[in-house]
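Each chain is listed here by its residues.
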Amino acid sequence: LITVLQKGDPRYADQDRAARRLPPVDNATLEQLDLIILSDCDPNGLGSVLQARIVDLVTRGGTSLVVITGPNHLPQDLAGTPLERILPVDPASVINPQVTQRPLSWSLSTLGMSVPSLQLDQPNSGWTDEPPFYWLARTKSVRPGGRILLEASINSTGEMAPVVISQL
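Procedures and definitions
- Residues numbered from 1 in each chain as written.
- Predicted model: local features only at pLDDT ≥ 70, side-chain atom pairs only at ≥ 80, totals over all residues.
- Heavy atoms only, no water.
- Core = buried A, V, L, I, M, F, W, Y, C linked by side-chain atoms within 4.5 Å.
- Buried < 20%, exposed > 50% of the residue type's maximum accessible area, 1.4 Å probe, protein only.
- Helix = DSSP H or I, 4+ residues; strand = E, 2+ residues; numbered from the N terminus.
- Patch = residues over 30% accessible without salt bridge, like charges linked within 9 Å, V, L, I, M, F, W, Y side chains within 5 Å.
- Areas by Shrake-Rupley, 256 points an atom, 1.4 Å probe, with all protein chains shown as cover.
- Salt bridge = Lys/Arg side-chain N within 4 Å of Asp/Glu carboxyl O.

1. Let's talk about the nonpolar core
Reasoning step 1: Counting 13 residues, the largest nonpolar core has I36, L38, L46, L50, I54 and L83 as its most contacted members.
Reasoning step 2: Counting residues per element, the ones that place at least two in this core are β3 (35-39) and α3 (47-60).
Reasoning step 3: Ranked by the residues each element gives to this core, the list is headed by α3, at 4 residues.
Reasoning step 4: Within the second largest apolar cluster, 6 residues are counted, among which are F133, A152, I154 and A161.

2. Description of unusual backbone geometry
Reasoning step 1: Positive phi outside glycine occurs at D40, with the angle close to 50 degrees.
Reasoning step 2: Considering the arrangement of structural elements, one finds D40 in the loop between β3 and α3.
Reasoning step 3: D40 gets classed as buried once you look at its relative accessible area, which sits at 18%.

3. Details of a nonpolar patch on the surface
Reasoning step 1: A cluster of nonpolar side chains, L35, I37, V66 and I68, forms an exposed patch at the surface whose accessible area comes to about 320 Å².
Reasoning step 2: Those elements giving two or more residues to the nonpolar patch turn out to be β3 and β4 (64-68).
Reasoning step 3: Mapped onto the fold, I37 is located in strand β3.
Reasoning step 4: For I37, a relative accessible area of 51% corresponds to the exposed category.

Worth remembering: the numbers are spatial, not functional.
Right, dumping it as structure tokens:
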């Protein structure tokens, strides 16, 4: 496990054995990674060389990549970067989130219902029992190969928007 905080106290890395001040860039370390999670990540803090290396790890090495939208860095920040081409959405199609007064609830899509890793332990509970959220970065379209696994009702007409999109 390696963690990197882009913002925060740099002494954090002195207190946690898994923490690093900077992302790893050496091939030996990168090739051992099974999963890379970029959560609300500023791509400029990674640099184009590391971004290109991540693309290579994902497309050729079998490393999984999870990109989580956050309030500071939306998918639009990935437009024009090496990472853009491996996203399941076109960053230019993402609509900036607006905070809603009505909570958004999520549910498994039809495809998501068939994914074993998304099946919950409790037979009578489901994704509809999970805590609501109040903003969502929406996309106008999903790229070919993108699979919508979780979705949210975004208005009173029942229009659904992707929350979790997977791509092989």
